[in-house]
Each structure stands twice: as C-alpha cells, then as structure tokens.
Amino acid sequence: MENKCIKCNGNMRKALLSSNAAFCPQTTRKGASPKLCNVDVYVCPECGYIDFYAEKPEIFKGE
C-alpha cells in the first residue's frame, strides 16, 4: 500500500505495532463472539504521523 501522509505529504511506511487484534463491540449480539480483525500500521518517517487500517474492514458490515 503506497499512501501519502495527510500531515506533511511524506511517503508512509508500513510499521509493526505490538498489540492484540482490534474488535468492534457494538457489532456483537448477546452470546456472539466479538468480530476480530488485524490492523495494518503505517508511519510517516518525516513527521511521525501514524495511520491504522483494518485488514478486513468488510467483517464489520451488518450482522
């Protein structure tokens, strides 16, 4: 993924972040497991801005 920083227009670089998967609790119903998705992280080496993207955002659509 090639994208530009929204702060300084630098080239964003993929980075690693140590954490658990993200989940969206409002999309779950009683007794259902939360929807989990890995997160891609990008950092701008020029200004330090960080951007996060869900690897599979479609899993959060509807029930």
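Residues numbered from 1 in each chain as written. Predicted model: local features only at pLDDT ≥ 70, side-chain atom pairs only at ≥ 80, totals over all residues. Heavy atoms only, no water.

Undergrad: Sorry if this is basic, but what is going on with the pairing of strand S5 (residues 50–54) here?
TA: For a regular strand, side-chain orientation follows a simple rule: the groups alternate between the two sheet faces. Here strand S4 (residues 39–43) runs beside S5; their pairing, made up of five bridges, is antiparallel. Each residue of the ladder has a partner; that of Val41, found in S5, is Phe52. With antiparallel pairing between neighbouring strands as the criterion, S4 and S5 make up a hairpin whose turn holds six residues, including Gly48 at a positive phi of roughly 90 degrees. (Pairing = 2+ DSSP bridges. Helix = DSSP H or I, 4+ residues; strand = E, 2+ residues; numbered from the N terminus.)

Undergrad: Any chance you could explain the sheet that holds S4 here in plain terms?
TA: What links the strands of a sheet is backbone hydrogen bonding, and the strands pair in either a parallel or an antiparallel sense. Strand order across the open sheet formed by three strands is S1-S4-S5, with antiparallel pairing between neighbours. Unpaired on one side and paired on the other, strand S1 (13–15) and S5 mark the two borders of the sheet. Strand-to-strand, the axes of this sheet are offset by a mean angle of 35 degrees, without reference to chain direction. Pairing of S1 with S4, which is carried by three bridges, proceeds in the antiparallel orientation. Opposite Ala15, over in S4, you have Val41 as the bridge partner. (Axes fitted to C-alpha atoms, helices over the stretch in contact; angles between N-to-C directions.)

Undergrad: Would you mind going over the pattern of salt bridges with me for this structure?
TA: When the charged atoms of two side chains lie near each other, side chains of opposite charge can form a pair. The final tally for this structure, using the stated rule, is one salt bridge. Between Asp40 and Lys14 there is a salt bridge; the shortest N-O distance is 3.4 Å. Of the two residues, Asp40 sits in strand S4 while Lys14 sits in strand S1, which places them 26 residues apart along the sequence. Take Asp40: its relative accessible area is 18%, and that puts it in the buried class. By relative accessible area, Lys14 is classed as exposed at 57%. (Salt bridge = Lys/Arg side-chain N within 4 Å of Asp/Glu carboxyl O. Buried < 20%, exposed > 50% of the residue type's maximum accessible area, 1.4 Å probe, protein only.)

Undergrad: How do you make sense of the state of the cysteines when you look at a structure like this?
TA: In a disulfide, the sulfur atoms of two cysteines are held together by a covalent bond. Taken as a whole and assessed by the stated rule, the structure comprises zero disulfides. Of all cysteine sulfurs, the one in Cys44 lies closest to Cys8, which takes part in no disulfide; the gap is 3.5 Å. A residue is classified by how much of its surface remains accessible, and Cys44, at 1% relative accessible area, is buried. (Disulfide = S-S within 2.5 Å.)

Keep in mind that these numbers describe shape and distance, not what the molecule does.
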